[in-house]
Amino acid sequence: MWLKVMEPLSEDADFEQLMAALCESISTEPQKSGARRRSHGGKTRGGLSTKINAAVDALGNPVRLLLTPGPASEYGQAEALLDGFTPDRVLADKGYDSDALIAAFQRTGANAVIPSRRNRQHPRPLDLHSYKGRNLVERIFLKLKQFRRIATRYERLARSYLSMLSLVSAVIWLA
């Protein structure tokens, strides 16, 4: 239901630039022995974890939120974050630096503003002026983490956690 609340808000977004990022949220729920295991996150050395993948518009408003298990890569969700949007620029961090992703962004007509990884043999030019605006997506994660229920992930199911994320995002957007 809360995802439906977020849809009309994302239609009113400013898509001059779209920023994609992810944040790792640690789930502190203990695994009970004999309990049925649900797929709500990934098992890492530190325990269960979940990554929040977010797409943010040019004004810093969240337009799409996706969840992935902690060990999952950013590449798998990057195209899903942009599905249905037509931004002029896509701003992302080095984790999204992939030739295949950049080609996918360019097919949608978006200019990719992503810094090259250190080990890239032929670094791409970076528009630093545009890239400075990417701090808005980091600010969204800081605002989301102000809500204890999001920061500690009380919800056992991914759909419940995503619903809480959508509700908090709508509150942030309307504030």
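Only a predicted model underlies this, so the values are computations on that prediction, with no experimental measurement involved.

What exactly am I supposed to notice about the overall build of the protein chain here?
Across its full length, the protein chain holds seven helices and six strands. Its helices and strands in sequence order give the protein chain the pattern α-β-β-β-β-α-β-α-β-α-α-α-α, from N to C terminus. Every one of the 175 residues in the protein chain was classed for burial, and the buried ones make up 45%. Within the protein chain, contacts between residues at least 6 apart in sequence are counted, and of these 56% link residues at least 24 apart. Working note: accessible area of the protein chain is about 9,800 Å², and carbon and sulfur atoms make up 52% of it.

Teacher, can you tell me more about the nonpolar core here?
Leu18, Val63, Tyr96, Phe105 and Ile114 are the most contacted members of the largest nonpolar core, which totals 17 residues. Ignoring sequence-local partners within four residues, the contact set of leucine 18 consists of Ala55, Val56, Asp57, Val63, Leu82, Phe85, Pro87, Arg89, Val90 and Leu91. Among the nonpolar cores identified, the runner-up in size contains 14 residues, and Val56, Leu65, Ile150 and Val168 belong to it.

Got a minute to help me understand the packing of helix α2 (residues 75-82) against helix α3 (residues 99-107) in this structure?
Any two packed helices are characterised by how steeply their axes cross, that is the angle between the axes, and by the distance between the axes. Where α2 meets α3, the axes come as close as 10 Å, and the angle between the chain directions of the two elements is 5 degrees. When the axis of α2 is compared with that of α3, the two are roughly parallel. The segment α2 lies against α3, with Tyr75, Ala78, Glu79 and Leu82 engaging Leu101, Ala104 and Phe105. Its residues assigned to classes, the contact of α2 with α3 comprises six nonpolar, no polar and one charged.

I keep staring at helix α5 (residues 135-144) and nothing clicks. Help me out?
Residues separated by three or four positions in an α-helix point in the same direction, a consequence of the helix having 3.6 residues per turn. Residues of α5 that are buried include every one of Val137, Ile140, Phe141 and Leu144, and no others. For α5, the buried positions fall inside an angular range of 95 degrees around the axis, keeping them on one side.

Before we go on, may I ask you to explain the packing of α5 against helix α7 (residues 158-174) in this structure?
It is at 10 Å that the axes of α5 and α7 come closest, and there the two elements cross at 115 degrees. In terms of axis orientation, α5 runs roughly perpendicular to α7. Read as a crossing pair, α5 and α7 show a hand that is right-handed. Contacts from Ile140, Lys143 and Leu144 of α5 reach α7 at Leu165, Val168, Ser169 and Ile172. Across the contact of α5 with α7, the residue classes break down as five nonpolar, one polar and one charged.

Explain the confidence of the model for the protein chain to me, please; I cannot follow it from the model alone.
Regions with low pLDDT should not have their predicted coordinates read in detail. For the protein chain, per-residue confidence averages 76 on the pLDDT scale, and 73% of positions sit at 70 or higher. When pLDDT is averaged over each element of the protein chain, helix α4 (residues 128-131) comes out on top at 90 and strand β2 (residues 42-44) at the bottom at 52. Scored below 50 in pLDDT, residues 22-39 shows 44 contacts in the model against residues more than four places distant or in partner chains.

Calculation notes
Numbering of residues starts from 1 in each chain and follows the order in which that chain's sequence is written. In view of the model being predicted, local features appear only for residues whose pLDDT reaches at least 70, and side-chain atom pairs are presented and counted only at 80 or more, with totals across whole chains, interfaces and linings using the full set of residues. With hydrogens and water set aside, each side-chain value is computed from the structure's full complement of heavy atoms. The helix and strand labels rest on DSSP assignments: H or I over at least four residues marks a helix, E over at least two residues marks a strand, and numbering proceeds from the N terminus. We call a residue buried when its accessible area falls under 20% of the maximum for its residue type, exposed when it is over 50%, and partly exposed in between, using a 1.4 Å probe and counting protein chains only. Here a residue-residue contact requires only that any non-hydrogen atoms of the pair lie within 4.5 Å. Areas reported as accessible are Shrake-Rupley estimates using a 1.4 Å probe. Residue values count occlusion only from the protein chains shown. In these notes, a set of buried Ala, Val, Leu, Ile, Met, Phe, Trp, Tyr and Cys residues joined through side-chain atoms within 4.5 Å is what counts as a nonpolar core. The convention used is that axes are lines fitted to C-alpha atoms, helices contributing only their stretch in contact, and that angles between N-to-C directions extend from 0 to 180 degrees. Throughout this description, any angle smaller than 35 degrees is read as roughly parallel, any larger than 145 degrees as roughly antiparallel, any in the 65 to 115 degree range as roughly perpendicular, and the remainder as oblique. Classification used: nonpolar for Ala, Val, Leu, Ile, Met, Phe, Trp, Tyr, Cys and Pro, charged for Asp, Glu, Lys and Arg, polar for all others including Gly. The directions from the helix axis to the C-beta atoms form the arc being described. Rotating anticlockwise by less than a right angle from the far helix to the near helix defines a left-handed crossing, while the corresponding clockwise rotation defines a right-handed one. Think of pLDDT as the predictor's per-residue confidence, scored from 0 to 100.

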